[in-house]
Structures are given as structure tokens and as C-alpha cells.
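Structural characterization, general
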Amino acid sequence: MQSPQMMGYDRAITVFSPQGRLYQVEYAREAVKKGTVSLGVVYQDGVVLAADKNITEELMIPESIEKIYQVDEHVGAATSGLVADGRRIVDRARVMTQSHRLTYDEPMGVDTLTKDICDYQQLHTQIAGTRPFGTALLIAGVDGEPHLFETDPSGSFWEYKATAIGENSDKVKAHFAKHYKEAMNLDQAIDLALKALQKGTEDHFSEKSIELAYITKDRKFVKLKGADLKKQIQKSTGKK
Amino acid sequence: MQSPQMMGYDRAITVFSPQGRLYQVEYAREAVKKGTVSLGVVYQDGVVLAADKNITEELMIPESIEKIYQVDEHVGAATSGLVADGRRIVDRARVMTQSHRLTYDEPMGVDTLTKDICDYQQLHTQIAGTRPFGTALLIAGVDGEPHLFETDPSGSFWEYKATAIGENSDKVKAHFAKHYKEAMNLDQAIDLALKALQKGTEDHFSEKSIELAYITKDRKFVKLKGADLKKQIQKSTGKK
Amino acid sequence: MQSPQMMGYDRAITVFSPQGRLYQVEYAREAVKKGTVSLGVVYQDGVVLAADKNITEELMIPESIEKIYQVDEHVGAATSGLVADGRRIVDRARVMTQSHRLTYDEPMGVDTLTKDICDYQQLHTQIAGTRPFGTALLIAGVDGEPHLFETDPSGSFWEYKATAIGENSDKVKAHFAKHYKEAMNLDQAIDLALKALQKGTEDHFSEKSIELAYITKDRKFVKLKGADLKKQIQKSTGKK
Amino acid sequence: MQSPQMMGYDRAITVFSPQGRLYQVEYAREAVKKGTVSLGVVYQDGVVLAADKNITEELMIPESIEKIYQVDEHVGAATSGLVADGRRIVDRARVMTQSHRLTYDEPMGVDTLTKDICDYQQLHTQIAGTRPFGTALLIAGVDGEPHLFETDPSGSFWEYKATAIGENSDKVKAHFAKHYKEAMNLDQAIDLALKALQKGTEDHFSEKSIELAYITKDRKFVKLKGADLKKQIQKSTGKK
Amino acid sequence: MQSPQMMGYDRAITVFSPQGRLYQVEYAREAVKKGTVSLGVVYQDGVVLAADKNITEELMIPESIEKIYQVDEHVGAATSGLVADGRRIVDRARVMTQSHRLTYDEPMGVDTLTKDICDYQQLHTQIAGTRPFGTALLIAGVDGEPHLFETDPSGSFWEYKATAIGENSDKVKAHFAKHYKEAMNLDQAIDLALKALQKGTEDHFSEKSIELAYITKDRKFVKLKGADLKKQIQKSTGKK
Amino acid sequence: MQSPQMMGYDRAITVFSPQGRLYQVEYAREAVKKGTVSLGVVYQDGVVLAADKNITEELMIPESIEKIYQVDEHVGAATSGLVADGRRIVDRARVMTQSHRLTYDEPMGVDTLTKDICDYQQLHTQIAGTRPFGTALLIAGVDGEPHLFETDPSGSFWEYKATAIGENSDKVKAHFAKHYKEAMNLDQAIDLALKALQKGTEDHFSEKSIELAYITKDRKFVKLKGADLKKQIQKSTGKK
Amino acid sequence: MQSPQMMGYDRAITVFSPQGRLYQVEYAREAVKKGTVSLGVVYQDGVVLAADKNITEELMIPESIEKIYQVDEHVGAATSGLVADGRRIVDRARVMTQSHRLTYDEPMGVDTLTKDICDYQQLHTQIAGTRPFGTALLIAGVDGEPHLFETDPSGSFWEYKATAIGENSDKVKAHFAKHYKEAMNLDQAIDLALKALQKGTEDHFSEKSIELAYITKDRKFVKLKGADLKKQIQKSTGKK
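First things first, this report covers the structure right here in the doc. Every chain is numbered on its own, with residues counted from 1 as its sequence reads. Lettering for chains starts from A, numbering for ligands starts from 1, and both go in the order in which the items are written. Note on the predicted model: pLDDT of at least 70 is required for a residue's local features to be given, and 80 or more for side-chain atom pairs to be given and counted; whole-chain, interface and lining totals, by contrast, use all residues. Computation of side-chain values covers all heavy atoms of the structure but excludes hydrogens and water.

**Describing unusual backbone geometry**
Most of the time, phi is negative for any residue but glycine, and the peptide bond is trans. A positive phi angle, close to 60°, is found at D:D105, a residue other than glycine. Strands here mean DSSP runs of E at least two residues long; helices mean DSSP runs of H or I at least four residues long; both are numbered from the N terminus. Mapped onto the elements of the fold, D:D105 is located in the loop between helix 3 (83-104) and helix 4 (110-123). Even without a glycine there, the phi angle at F:R219 is positive, about 65°. Topologically, F:R219 is positioned in the loop between strand 9 (210-215) and strand 10 (221-224). Classification of F:R219 as partly exposed rests on a relative accessible area of 34%. Note on exposure labels: buried denotes an accessible area under 20% of the residue type's maximum, exposed denotes more than 50%, and partly exposed covers the range between, all computed with a 1.4 Å probe on protein chains only.

**Some points on the pattern of salt bridges**
Here, a salt bridge means any side-chain nitrogen of Lys or Arg that lies within 4 Å of a carboxyl oxygen of Asp or Glu. Inspection of the entire model under this criterion finds 112 salt bridges over all chains. E:R21 is paired through a salt bridge with E:E26; the nearest N and O atoms lie 2.6 Å apart. Residue E:E26 is classed as partly exposed on the basis of its relative accessible area, which comes to 22%. For G:E66, the salt bridge goes to G:K223, with nearest N and O atoms at 3.7 Å. On the criterion of sequence distance, the pair formed by G:E66 in the loop between strand 2 (47-52) and strand 3 (68-72) and G:K223 in strand 10 (residues 221-224) is long-range, its members being 157 residues apart. The class for G:E66 is partly exposed, based on a relative accessible area of 33%. If you follow the salt bridges from partner to partner, you end up with A:R87, A:D91, A:R94, G:K115, G:D116 and G:D119 in one network.

**Focus: the sheet that holds strand 6 (residues 146-151) of chain E**
Residue and element names in this part refer to chain E. Here, any two strands with at least 2 DSSP bridges between them count as paired. The antiparallel open sheet is built from 5 strands, whose spatial order is 3-4-5-6-7. The open sheet has two free edges, formed respectively by strand 3 (68-72) and strand 7 (157-159), since each of these has just one partner strand. On average, each strand axis in the sheet is inclined to that of its neighbour by 25°, with strand direction left out of account. Inspection of the sheet shows strand 4 (residues 75-81) paired to strand 5 (residues 135-142) by 7 bridges, in the antiparallel sense. When the bridges of strand 5 are listed, G76 appears paired with A140. Contacts between helix 4 (residues 110-123) and the sheet are confined to strand 3, strand 4, strand 5, strand 6 and strand 7, with strand 5 contributing the most and set at about 165° to the helix. Fitting a line to C-alpha atoms yields each axis, with helices limited to the stretch in contact; the angle taken between N-to-C directions then spans 0 to 180 degrees. What makes two residues a contact is simply this: any of their non-hydrogen atoms within 4.5 Å.

**What about the interface of chain B and chain A?**
In this assembly, 31 residues from chain B lie in contact with 36 residues from chain A. Note on chain B versus chain A: buried area summed over both sides is about 2,800 Å², and carbon and sulfur give 57% of it. We define a polar contact as two N or O atoms separated by no more than 3.5 Å, with the added condition that, inside protein, one atom must be a possible hydrogen donor and the other a possible acceptor, whereas residues neighbouring each other in sequence contribute only through side-chain atom pairs. Counting across the interface, chain B meets chain A through 16 residue pairs in polar contact (both at pLDDT 80 or more). Counting residues per element, the ones that place at least two in the side of chain B that touches chain A are helix 1 (4-7), helix 2 (23-34) and helix 3 (83-104) of chain B. Buried area counts how much accessible surface, traced with a 1.4 Å probe, disappears from two parts once they are put together, with both parts' losses summed.

**Some remarks on the sheet that holds strand 1 (residues 38-42) of chain E**
Residues and elements named next belong to chain E. Pairing within the open sheet is antiparallel, and its 5 strands lie in the order 8-1-2-9-10. Sheet topology places strand 8 (162-165) and strand 10 (221-224) at the edges, where each strand pairs with a single neighbour. Within this sheet the neighbouring strands show an average axis-to-axis angle of 15°, counted without direction. Two strands pair when backbone bridges link them, and strand 1 and strand 8 are joined in this way by 4 bridges, in the antiparallel orientation. Counterpart to V41 in the pairing with strand 8 is A162.

**Quick look at the packing of aromatic side chains**
Here a Phe, Tyr or Trp ring, Trp counted by its six-membered ring, pairs with any other such ring whose centre lies within 6.5 Å, and the pair is stacked when the planes are under 30 degrees apart, edge-to-face when over 60, and tilted otherwise. On inspection of all chains with the given rule, the structure shows 21 aromatic pairs over all chains. Summarising the aromatic geometry, the rings of A:Y23 and A:Y27 are spaced 6.0 Å apart at their centres and angled 45° between planes, so their arrangement reads as tilted. Taken together, the positions of A:Y23 and A:Y27, both in helix 2 (residues 23-34) and 4 residues apart, correspond to about one turn of that helix. Exposure remark for A:Y27: the relative accessible area of 6% places this residue in the buried category. The rule for a charge over a ring is simple: NZ of Lys or CZ of Arg within 6 Å of the ring centre, and within 35 degrees of the ring normal. Here F:R92 stacks its cationic end above the ring of F:Y120, 3.9 Å away from the centre of that ring.

Here it is as C-alpha cells:
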């Protein structure tokens, strides 16, 4: 039998292959795998997100590259894959959470938000006139208890205690499998996140080239920056 | 004669082959077959649904993967195939049943609901601009008497006393053919469901990797979880 | 000259071949031929419809497979071909007859209904963005006198005294050609229908795997079920 | 040079070939040629239409196949080609004439009606999203004086004293060329029509397999049926 | 280099070839060239139009074939090419001139009308979803002074003292080049038109197979018919 | 590597080639190059436009071919390329300038008009469903000071002191490069324009086959015609 | 494996390749690389933009080619790539900033503007019916502190202290890497910009062929022209 490339099943939008596969969705996942790694860790009271931004140019302003976004007071998201695709989904997520607050006068549940985002992504795999989104998300939030969801271009999602998306995510997940513990506090979680992130990152590793944020018990999104982040990196990885 | 792949009948949407076949619908059925197994069993007063979630990652939260959904107070559904496609149909089913309650002030009949869902699926096999849904559903409910319907991507449906969809569904159905009895009570039905589910499941089989729900005579959807589910599994399969 | 498959005339929608043929419509007829047989017989005061449902699975509920539908009080329809396509046309027919009653305060003529259904099918052979329906119908009704129409995917229709659609319909029609008589009563018509149906059915033949309905002089649609149907089958075919 | 089939000019809708031809329109004319013959004859005060219905099945009701339609009180039409396509155009013609009566309070001129029908057919040869109609029409009517128009799938029309469309129309027209006379009365015109029709018809020729209608001086459409038609056939052709 | 047919530049609508050509427009011009010839001659006070209708069938009513149309009181048009395409443009021209009279309470200028018709034709060479019109027009009128415009499928136009379109138009134009004189009166212009038309016509040439019309100084469109036309033909060509 | 023709990058609308080129736009430029030459010259107080109309037929009315159009009182435009495309853009320009006068009660700036026309052309290179315009324009006007802009099918524009578009425009531009002087008066500018135009014109060169217009200091568009133009041609080129 | 050109992944809009790449976006980047270089430099209180216009024709008015645009009082933009594409995005940016002033009564943040422009560009890489923009932008502005953003056809953006886009941008960036200093004043920044621009420009380098603008601490956009620009060029590069 010929390869799927030869047969043309992989070039059309919204068409099944004889094996029941949607190649455009699988190729979108390749776009995710080419993005630098992002990860999330649930701890006792909240969730930590960390991401590698892969900054190599001296004159670039590191803060201008964002892979971890605040979505609402109590929710954050980290993306891997096509940057502009990810930004568009995050924008939509922000509208969803604001609209939820206006309608119900209370913050949106993290699981409900994740489901709505994934429905939006699914539509882009079935309706003609658009390609799938080339991005995956980690959606982290605290709505009573901490939650960490992973989404993918097909519109599927899974909840994790700790997971990673993007390039080398398998190495990061392997690290989690060995070292994750249930009842960590924030410091322990940040330490684990940074050590794991190092597994998925090539050479550079500094407060300039990575991002770290967490959502706390009292439902606040906090981004660690500059000297604070630098200190944490030194503590966890010995890097200066 | 050349194979259908060579001739191109299988790549276009909404086009018949010379044999009168719709290949995109047949390929969507392949997507169903790649999904892990789901099953349903009608007993004296109600219906039992069970599904294999195939959870292998340690840090994943099992509850975040849903294959059995409550649709209305008296109706549940189990899916096999593309997860996000299934979720979208279930959402639509929920709107249908709510809208029925609002319009007629009574719960929707299980057969009517099934027909409406299937009409929605049929449209996706005839109208341009979309692919068929890559998912099958078991729709279970009690509206006076218990009902268990199976739908498929073409928009066909069948009512069963006991049936299964997804990978290895033939093994599960073979088990039913031998062991199904008309006048079972809930306990017997759960026992049969779990034993049958085991036939369609590879290695893992625990309260984490399977789901079980039933709809009772008094039209209530109940999901069995945690310790309760674990006890049942031990009872039926000897697994701990 | 090359085969039509080679030339590509048969893959495009709404395009003529050099011979003036519409291949998609002809392929839709193949889908009809793959469906199990349905038949109709006009008798003195009404019409009898019968259909083979080809039920082989033990645990399937035979009633859930419908090939003969009540359309209005005085009209029924039997389909062969893609089940979900047939159901959608029947739904449309029901809306047509109800809407006719509301507008004109009298039941719709069987010929008018047939024409409107066929116009709907014709549109699906000419307008882009949809495939033809893969289904044929027998439309039977009494509006003063009994009528039996056959439709096909092109939107053509013909009125018959007795006819059949689907797999082996030629064998059934051959039986009618030999044994049909003008002035039969209901019993004789049912007897002829069952004997003819047997010609188009493989092995199984029971009250579970076939459907039988008739529309009477007083314009009522009646479906024969269970013990009553079983008795008739025994009487006509000797089967138990 | 390669054949047009090889070059692909004949498969696209609304595209010219290098020779300035529209192949889809020419193929639609082939569909007309495959239809059984219809003809028209103008006499002193009116027009006669006749058509071969090619009925071979014993149990079919001949009246259910219509090739000659009443369009308005003073206008009739005969079609050859795809039956369902012809019916749709006739429906449109009926709406045109009714709408004309409502707007202007007088019957529509036969030439105006013909032109409007042809504009409708022309649109289907130029606009994307539809194929041409696979049907030709003879439009016959009396609006002061008798008229007989022939239309074709391109939207062209011609007025004739006597003409024919469909299979073997050349044989029928050859008969007219020899035997047509200007000042015939109704009886002579019917006689000519039946004798000519026989030239375009294979074996069968009876009151069941043909249709005959005429529009008279006083602008009334009359269809000859049953015994009356049988007598005429016997008189003109000697057939019983 | 391969021929344009091989390269596919000539099959797509609204696409340039590497040489900057629009093949569909050029092919539409071929459709014009296949139409029988039409011509126009400007004389002192008005314009004469003449056209060959190529009628060969005895029983056809010659008047039913129209190639010269009255557009408004003071404007006429002759077409060559696809008959139904030409009729649609003429219809549009009639709406344009009526609408102009209603808006400005004066007849539309012949140049303005020509420009508006050509804009309509140009749109059909640039916008997707339609083919170009396969017709050219001669637009003749008197709005103070006489005008004769020729249009083509691209939407270009040119004003002439005498010109021709369609098959053999080169022969007719060659006759004009030799024999046209500035200060002719109506009789001389008709004589020139008929002699020139004969150059572009095969065998037949009678009052039945040609059309002749003129627009006079006092802005009236006149069509010459029957005996009058026959007399003119005899006078100019010696034919009886 | 294969040629772009082989690879198909040049046939699709709105698609980049691997080299970042838009072939349809480049082919549209070829259509411009096939048009006869048009030129413009800025002088002290205004701008001169001249164009070759390439008239060879004796009976054609030269004035009916327009390549230089008045757009507004103070603006003119000359086109090269597809005539009907150019006319459509000029029509749009006229609406733009009139609408500007109505909205702001002052004439539109020549640069603003040029930009708006170019935005309209750019849209036709990016949006599906249309081909680019096969025309370039010289837009000349006086809005305080004289301006001469050149546009091309991509929607780019440049301001010049003197330039040319169409066939042989390089020869004309070479003439300008040698002979253009800053402080010319109207007579000198017309003289330069005519001498330059002769460089881009084959044989014929008379008041019939060329057009000449200028926009003066007091913002008036003037077209030179008949005897006046003939005298100028004689003076500048020695031709009679 | 075959090249992507062979496989066709690079010709379709909005389709992923098996490697998760969007070729149309990558080809649009090639269009950017073919444009002449543009650059930006952040200094103590503001930002400097400079661009090469590559003017070689004597009679062209240099000011008519714009590569640096004022977007709002406090924001400017420089483009590289397809000129008309760039102009359209700048127009949109102007509407965005004006609309922001009207809605919020304060100038738009430079980062917000950049994000909104990039969202607009991203849409053109995902939705059918359009190609991506073939242009990159440098967006420079002062909103409290100075900002310099670079955007690309995918809709990604990065903030820089100094960067360049278009042909030879790597040489310019290499110059920045060596010579950029944090605390420059305006004069030093202009000097650096001009020296760097020279690295990306072939032969010509004068006040006619380049553009230079800066946005100052007090949020004003200033374009350096004529003699002033000439003096700066002499000072920085020694060119006269």
C-alpha cells in the first residue's frame, strides 16, 4: 500500500482516511510538537505553570514573548505550537470567562472553560473553510480546588496532576512520573516545575528565557519575574 | 478493477461510489472502531451503561475523561470514537431534552431523542461543508420502560437489549449473546456489564479506567464511583 | 473508449456525462438496490405494504427498525436504501401532509404528496452542495380510492397496482406479474404480499424480521404486529 | 489533437471550450434525445400534442406517467428527457401563468411564457452551482391564434407548425415534412399526430402507452383518454 | 513549450495566462464567430441593422427566431453567438432604458446604454461563479445623431459607420470598406446592407431567412417584414 | 527545478509561490504590457496625458475608443491593458471623487484618490472569487500643484514627473530621461508628450489614432481634438 | 521523500503539511525578504525608524514611495514586502488607534495595537478565501516608554531594542549586535540607524532613496526630510 502522503488523504480538510484518521488534525499536533515545552504542576492549594521561551537574540525584549497568559483572576493558560493561534484561543477564553462573570456573577469553573475552548477547537476540525488550530493549551486554575487541564488540536482534553506539552514533553513527563508527590506546597511545586522544565530545554536557561506563574488557593494568578525568578532558578537548578 | 482508494471515491464528501456506497461514512465508522469499547444492558427496570476509558498515565485524573454522560434526568449516553465529536453530539442532546421539557412540560421520549440525534448525524453525511461525525452513541433511558439505542455515523439507529460499540465490541456482544437474560435485576445487570466489559478491555481494569452508570425505574441517572465501583469490580471480576 | 470511472464523469455532482447520464443519481439507485426489499399491493378498498427488515441479531429489538412509516392518517410509506436518508424524507412528508391539513382543512391527495416528495428529491440531483438521496419510497394511501406510488432518487415516480423496491425486487415483481388479481379483498392482498415478500427474502422470515401494514377504505393506517402478524405468516407461507 | 473528453472541457460547468462550445449543454441535449418522443401539430384553430410514454409493465397505472401537462387553461406542454427536470419546469410555468393572470387580469401570451421559461433554462447554463436542465419542452397554446414552441436546454426556442423532440424525433419530423398541410381541422390534425407518433415509437402503441391532448380555438386544454383515445388510435393506425 | 490547452490556463474562469490573456473570454469570442452574421450601417439620418437567421426547416415559423430586437423606441440591437445569452443581455438593456426614462424623463443616450451593457459583460469575465456571455451585440440608435456600436464578450465596445459580427463578418466588412459612402439616404443604406449581408450568407436568402430593421431620424425603430422586405431583397439582390 | 508553469503556482488565485511571488498579479502586468502605450508629463502648472489608440479600421469612429478619461473637474486618467477593466476602475474613481465632494465640499486630493484606487486593486489580489484587474492607470491632476501617479495591478503606485505604461513604455521613458526639463510650459509639455508618444507607436500617427488631454493650473481638464490636435501633431512631429 | 513542492502541501491555503508547517505563511515570509530593508532603534526617550526605498528612476518623485507611515500621533510603522499589502494593514492600524481614542479618550498602547494587528494577520492564515499578507511591520511608538515591535505574516510579534526586516536584514542585525548601546540619545540613535541601514543597502544611498523618522519622548512622530536628512546622512556615512 502507498503512503498516506501519496494517497492525498492528508491534504484535504475535514475528510476521514480509510483508517478513520483525520490527518490535518494529526499534522496540527506536529505543529504543537515543534513548539518549545510548557508544563504544569498541581500542588496542595494551587497550580504552577512554566514555559521555555527559547530566546536567543540579545536585543529582543524577553517579556514581549508570552507563552503563559492570565485568562481570568483565577485562571492561567500556557501554550505550545503556533504562537498566533494560541493567542487567539486565549483571547476567546478571556471573553468566555468575562461573559460568565457578567451572566452568573461568579467565576467560571475551570472544567467548564476547558470544555468550551475544546468545543471551539473541535469545530475547526469539522467545518469547511478553516484549518485546525496548531496549538495545545495547559489550562490551570483554582475554583475551590486546583485544576490542570491539557487540550489538543482535536478538541480533546484531559486533567492531570502534572503534565507537559510541546517539544521534549516526553522527557518532562518522565521526570514528573518519578518525582511528583501529592502534597507539595508552592515552593516544592516551583522547584519541581523548574527542574522538569530543564529536562525539556536545550542550553539556555535563565530568567529571560523562561516564564513561571502560579494560581494560589485564594484564586489569584501570580507571575514570577526578574530577580525573584532568577533566585528560584538558582535555587532549583544551580544556574546563575 | 482498481481499489476504491485508487479511484478517488473515498476522498470526496457526499458522493456515492458506483456501488452506491458512501466511503466517508464508512471511514467514520473506522474512527468509531478505534475508540475503546462502551456497552449497555437493559434490565427489568432500567439500563446499565459501562465504558473502558483506557487510562494508562499515572498522573492523569481519571474523572476528567468522560465516556458516559448524563443527558437529562432520565437519559444517559455512552460514546465511542472521536472524543470531541461525541461531546458535541451529547451537548446537542442536552439542549434537545431541555427544550422538550420547556415546550411540552414533560421529559422527552428516549426514542424521539434518538431519532433527532440521528437526523443531526445524517445531515453531516449529505450536506457539503462538513465531514460526518466520527462517533457512535449508546443512548439509554427510562420513559415508562427502559430503552437502549445504538446510533452510528450514518444516522441509523437500532434498539437492543444489550449491545456494545467501539474496539472489541464483537467480543462483548458475543458474551451478551451467551449470557444475557431477560428478567435481571440491577445487580445482575451490573455484574453482566462488568464481565462483558472485561472481554473488550486489554490489561488494565480498575475503578480508575472504567465508567459505570445506570438509569433506574424512577427515571434517575446514577453514576457509580470510587469505592462503590471498586467493590463491584472485585465482586464481578475478582480484580482488586 | 475508457470506462466512465476512468473519465471522472461519475464523481462530480450535478454534471452530465457525454451520453446525457447523471452518474451520481445512478449510483444512488445502487444504494437502493442494496437495501432489503419492500413491496406494496393495491386491493379493492386499500393498499398493503410489506417489508423485509433482515434482523439477525438476537438481542436487537425488532420494532426499533422501521421500514414502513405512517405518514398521515390515510398515508403510509415503505423505504429501501439508506435508512437515515429514508427517515428524513418521511419526516418531510409528514410535515407536508400536516401543513396541507392546516392550510386546506382536508387530507392531502396521495398523488400531490408524491409529487412534492419527488420535487424535493429532484432538487438534490441538480443543486450543488448536496448528494442525491440514496433511497426509494413506496407511498401508499387512500384518498377516495387507493393509490400506490414508487419514487426513485432522480425524483421520478410511477403508480402501480403492485410493485417492489430494493434487493430482489425483480423476483417479487415477477411473482406479482403472475399472481396479481384486480378485485382482491384485504385478506387476499395480505396473502399475496407475504408470499411475494418471501421471494425477495433470504432465509429468515418471521413476525420479527418483517413488517406489514395496510391503509383501509375508511382511510386508516393499520400496522399488523406480534401474534396477529405471526398468524398471517403461518397462514400464507406455512412458516412458524 | 485529443478528444474533448481527454481535455476536460466537458466536465466543468459554465466553461467554454476553445471552439466556443458549452459541453454540459450539449450533453443535456443527449439526455433529451434518450427520452421517448413527444410531438406537436398546429391546425386551423388550435394545437395538438402527443407523446409516447413507453409503458411496458403490466401492473403500472399508465395515467401516473405524465409527459403532457396542462399549464394554464389555454396552454399545455409536452416534455422529453429527464422526467423530474421537466416536471420542475412545468411547475414553474404554472406559477408564471397564474402570476400573470393575477397581475394583468388576462391570460399570458404563449410567446411570453416561452421566453420566460427559456430565460430560466439559460440561467442554469451560466451560473455556478447547478447543472443545466436535461429536458426539452413543446409549449402549445392559443392566445388569439394557435402557437407551438420548442425549447432546448440552452434556453433557445423556435416556433413551428409541427415538430417533435426526443428519441426518433427525426423520423417524426420527416413524416411532418411530407404530410403536414396548412388548413387542417382538429380531426385531421389528430390523425396526423398519431400517424407521426407511430414513426417514433418502437412496438407498443395503445391508449395506455401514449398521451394526446389539444388546445382549442376557445382556449381550452382537452386531454383525450380511455375509449375515446382508443377509437382515435384505431381510426388512424388500424391498431386495436 | 506546451500548448495552452495542455497547461490548463484555458479552463479556469477569471485567471490570467502567463501572457496576460483571459482564455475563457477568447473562447466566448469563438461562440460569437459560430453565430450567423449580423451587420449595421449608419446613414444620413439613422442606422440600418440586418441579420441572417439561417432558417432551413420548412415548418419553422421564421418570425420566431429573432436576432434583431427593439430595445427602446429609439434603439435596436442585433446579436450573434449564443441565442439565449444574447436575449438575456437585450432584456437587461430594455430594463436599463426604461429605468433611464423613469429617472430622467428622457431617452437614454446610445453611448451610455452601450457602456452600461459592457460593464455588465465585463463583470462576467472577472467575478467567480459565472462564465462570460457568448454573444456580441450591435447596438444601433438615434439620440440626436445616429450611432452604431459593436460590443464583445470582454466588455469592450467600438463605434462604427458600418460593421458586422458573427460568421463571415470579415467578408461583410470587406464589402463595406469598398462600398460604404458617408451621405447615403435610407434606401441606399438598405441596399448596401442587403448586398453586404449576402456576402456573409451561404445559399438561402429570402424574406424568411433574414431580418432587417432601421432607426430613423425621428427616433423610431422600424422592422421591415413580409412583402416589403421581399421587394427590397429583389431590388437589391435580384433574388425572388 | 521545474518551471513555475509546471508546478502550478501560477494558476491559482491569491496563492504565494515558494519565492513569495503572486503569479496572477505578474500575468496581469503582462496584460498591461500588451496594451498600447499611454504617457503623462508634468509641466510648470499642470499635467499632460497622451495615449496611442491604435486605430486601423477605416469605418471605426475614433472618438469611440477612449483611453484618456476625465475623472473629476481637476483629475484625468489614462489606461493601458484590458479596456473594460480600465473603464470599471475609472467609473469607481468618478464615484470616489463625487462622493468626496459631497462629503467634504472640496475636490479630492490626487494622492488620496490614487491610494483609494490602489486599495481597490489590492483587494482583487488577495480575496478569493475574482482575478486581479488587467490594467494600469496614469492618474493626473492639479490640487494646488500638479501630480502624476502610475498604478499597477498589484495596487502599488508611484509619483512621476513623466512616465509611460503599456507596450513600448520603456522607449518612451528613455525619451523622457533624455529630454524632460523641470520648468516647461504647456506648449513645451505637449510637444514633449507627442514626440515621446511617437517612440512608442508603430506606423500610424494622426489626430484620429491618438488622444491628448491636459489639466491646467486652474484645475480644468481639457481634451485636445480634431483640427487643434492635428495642428499640434504637425508642429511636433512633422506629420500631416 | 519527495520535496514539499512535489507533494502539493505548499499550494493550498490553510492546510498543514505532515511536519505541521503552513507553507503559504512561509512563502509570504519570502515576499517580505524580497522587500528592501527597514529597521528600528530604541533610544533613551524614543524610537528611530529608517528604511531603504531603492529609488533608481530619475523622474520618480521619491516622496511618493512610502515605507514609513505615521499611524497615530505617537506611533509609526515601517514595512517590508508587498507594498500594497503593507499599506492596507497600516490603514487598519490607523482605524484601530483612532477608534481607541474615541472609545477610551486616550492613546492606544503600542503593545495593544501590535497585538490587534497580528490577530488580523493570523486570521488571514486560517480562514479560507484569502491569502496571508505578504508583509512584515516594525511598529514603533512611545506610550510612557518607547517600544519597537516586529510582526510577521503568521501573526507573531516580538519586541526589540533594535531590529530589521526585509532583504539583508541579517547584515543590519549583525551591525546592531555589535554597536547597539542602551543609553543613546536621539542623535546617537539616528547615527546608528543610518550606519546600519547602509549595511543593508546596495549602492545608492541619499536623502532621496531612504526614509527616516522618530517618535520622541513627548509622543510626537517626526519625519526627517530634504536638507535635514541629507546633512544627517553626510554626518553618519560621509556620503554627499
